[in-house]
Amino acid sequence: MANNIISVIIPVYNEAENLSELYDRIKKTLGSITDSYQIIFVNDGSKDDSLIKILSIAEDNPKVFYLSLSRNFGHQIAVSAGLEHCDAECTVIIDADLQDPPELISELYTKYTEGFDVVYAKRNKREGESFLKKFTAKLYYRLLKRWVSFDIPLDAGDFRLISRKVVKAINKMPEQNKFLRAQIAWLGFKQTHVFFNRETRKHGKSGYSYGKMLRLAFDGITGFSDKPLLFVSRLGFVISIFSFLLIIYAVFSHYILQVTITGWTSLLISTAFIGGIQLLSIGVIGEYVSRINSNVKGRPLYILDSTNIGVEENNNS
Ligand code: UDP
Ligand code: MG
């Protein structure tokens, strides 16, 4: 049996200015649902005063816990660390920057009591995010949805409630390259959603650089689909056939038609073209190989610096 009814996991990377308001709003919302809750802050190597803020909140309230990672491991790993340490019948994952309204937790919980194992928050509107980010995200998730064999919800991030069953299943998934929203979709179970308006971040700036975003996008594809590999091997096949036909044509025109094709342009273009395709294909294979590499090493997903949760079996999954 779980010790709490609700657990809330909050990944924190340089969010010092947001934490007091966030905590107040979460506490108020949870208080209106039950007294049996825990809040887990995961400090993901923040460089500002986030940890100090978290420590003082934890000191005031015995329901507040924290995990402090030894450096910045990234949002998905921070959440995964929280999932390994939470102890409740259901768990909510929420951002620290107040883009996800804490008040929505009540609605998520209501759906949970109706028997759903996954209740994700679907974005109606996304405010204050660049056109480029919204456009690429839209394109990416539609592509991913076509490439995987299960149903990935569109316009949803990691803001969601999951039951204990789902948390346990997630904790058993050993991959190093986490992409939780897809992992949860892959698991199945009874899923539903509620709508909300995603607001602009309250203070500070996004911890997701374009580099981190791109890595997450590649993790999503390589983790759940072999389509890119199939695509490059088919492309190689088609181009081989095409060049074979070209060779036959060249020989035919030289010996039979007595016409020899002159000129460097076609040679140059085709060499560059094939070169480009080859590099691209090697790159795609490389993306998979690098993930095999990191999984084979089997390093711990993260290193804990400090925590106030009883440390027993964690930390080396
Ligand atoms: N975050 C984290 N580690 C990181 C980057 C972000 O724990 O390396 C946290 C961040 O504090 C926030 C959540 O993950 O609570 C979402 O990050 P952010 O708001 O920067 O992403 P965006 O909303 O811009 O996609
Ligand atoms: Mg944000």
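Named according to an unreviewed UniProt entry, the chain is Glycosyltransferase originating from Winogradskyella ouciana. In its Sequence similarities (unreviewed entry) section, the UniProt record describing the chain reads: "Belongs to the glycosyltransferase 2 family. GtrB subfamily." The UniProt entry for the chain carries the following text under Subcellular location (unreviewed entry): "Cell membrane".

Draft legend 1. View of the environment of Ser7. On the secondary structure map, Ser7 appears in strand β1 (residues 4–12). Considering only alpha carbons, one finds Ser7 and His85, 78 residues apart in sequence, at a separation of 10.0 Å. If we ignore the near neighbours within four places in the chain, the residues touching Ser7 are Gln38, Ile40, Cys86, Asp87, Ala88, Cys90, Thr91 and Val92.

Draft legend 2. Fine view of the site of ligand 1. Near ligand 1 you find 19 residues, and of these Glu15, Asp44, Asp97, Ser206 and Gly207 are the closest. Contact between ligand 1 and Glu15: an oxygen atom at 2.6 Å from a side-chain N or O atom of the residue. Relative to its unbound accessible area of 530 Å², ligand 1 is 95% covered by the protein chains. Class assignment for the residues of the shell around ligand 1 results in 5 nonpolar, 6 polar and 8 charged.

Draft legend 3. Inspection of the layout of surface pockets at higher detail. Taken as a whole, the second largest pocket encloses approximately 630 Å³ of empty space. Together, 20 residues line the second largest pocket, and Phe73, Ile77, Gln176, Asn177 and Arg215 are the ones closest to its centre. Elements represented by at least two residues in the lining of the second largest pocket include exactly α3 (75–85), α8 (210–224) and α10 (265–297). Among the elements that line the lining of the second largest pocket, the one with the most residues is α8, at 4 residues. In terms of residue class, the lining of the second largest pocket is made up of 6 nonpolar, 7 polar and 7 charged.

Here is what the cut-offs are and how they apply
Residues numbered from 1 in each chain as written. Chains lettered and ligands numbered in written order. Predicted model: local features only at pLDDT ≥ 70, side-chain atom pairs only at ≥ 80, totals over all residues. Heavy atoms only, no water. UniProt positions renumbered as here; feature names shortened; annotations may be inferred. Helix = DSSP H or I, 4+ residues; strand = E, 2+ residues; numbered from the N terminus. Contact = heavy atoms within 4.5 Å. Near = heavy atom within 4 Å. Polar contact = N/O pair within 3.5 Å; in protein donor to acceptor, adjacent residues only side chain to side chain. Areas by Shrake-Rupley, 256 points an atom, 1.4 Å probe, with all protein chains shown as cover. Nonpolar A, V, L, I, M, F, W, Y, C, P; charged D, E, K, R; others polar. 1 Å grid on protein atoms, 1.4 Å probe; cavity = no way out; pocket = protein on both sides within 12 Å on 5 of 7 lines; lining within 4 Å. Points joined across faces, edges and corners; volume = space filled by probe spheres on them.

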